[in-house]
Amino acid sequence: MGTTSITGGLAKVWRSWLTPIQDGSDLHFVVRALADDRCLGLVGLHAAKTVCPELGIWIREDAQGNGIGQEAIAAVAEWASEALEPDCFEYPVAERNVASRRIAERLGGVIVGGRSNPKYNAVVYRIPNLRR
């Protein structure tokens, strides 16, 4: 695959993110290291204006296994619980991603369904509003 097709595909993806970001329905938070401010990952809050927004996370492979994902998801869920007052959060996780599943479970999440996509099968957790 040539550079043009990769760039074109990526451009299509990030352009699709612009409208939900601009209208406030999708929020993206950068997870940074305190020591040197380097990017460790991203946390997304999708459909933020609904009664059950969706949480998502990506942590760099070299930063995984240090509790950063747990801290980041908990911080966003805590902030959103107060600021946006949703009933709950949905958190889809690859079935085999035990570490990410533990994040949901530590926040009181329970499995409410599943999803499939070309990359993996996921379970969907429902996490309660952390302020209730």
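One can find the structure itself at the top, above this paragraph.
Undergrad: What is the right way to read the packing of helix H2 (residues 68–83) against helix H3 (residues 98–106) from this model?
TA: Working note: a packed helix pair is described by the angle between its axes plus the distance between those axes. Here H2 crosses H3 at 40 degrees, and the two axes come no closer than 10 Å. Taken together, the axes of H2 and H3 are oblique relative to one another. The crossing of H2 and H3 is right-handed. Residues Gly69, Gln70 and Ile73 of H2 pack against Arg102, Ile103 and Arg106 of H3. Here the contact of H2 with H3 is composed, by residue class, of two nonpolar, two polar and two charged.

Undergrad: What exactly am I supposed to notice about the pairing of strand E2 (residues 39–46) here?
TA: Remember that side chains alternate between the two faces of the sheet whenever the strand is regular. In this sheet, E2 lies alongside strand E1 (residues 27–32) in antiparallel orientation, the contact comprising six bridges. Opposite valine 31, over in E2, you have glycine 41 as the bridge partner. Here E1 folds back onto E2 in antiparallel fashion, the turn holding six residues, of which aspartate 37 has a positive phi close to 65 degrees. Summarising the sheet, E2 and strand E3 (residues 54–59) pair through six bridges and their orientation is antiparallel. In the strand pairing of E3, histidine 46 is matched with glutamate 54.

Undergrad: Looking at this model, I keep getting lost on the environment of glycine 65. Mind explaining?
TA: Topologically, glycine 65 is positioned in the loop between E3 and H2. In the structure, glycine 65 is positioned 34 residues away from alanine 99 in sequence and 8.1 Å away in space, judged by C-alpha atoms.

Rules behind the numbers
Residues numbered from 1 in each chain as written. Predicted model: local features only at pLDDT ≥ 70, side-chain atom pairs only at ≥ 80, totals over all residues. Heavy atoms only, no water. Axes fitted to C-alpha atoms, helices over the stretch in contact; angles between N-to-C directions. Helix = DSSP H or I, 4+ residues; strand = E, 2+ residues; numbered from the N terminus. Parallel < 35°, antiparallel > 145°, perpendicular 65-115°, else oblique. Left-handed = near helix turned anticlockwise from the far one by under 90°. Contact = heavy atoms within 4.5 Å. Nonpolar A, V, L, I, M, F, W, Y, C, P; charged D, E, K, R; others polar. Pairing = 2+ DSSP bridges.

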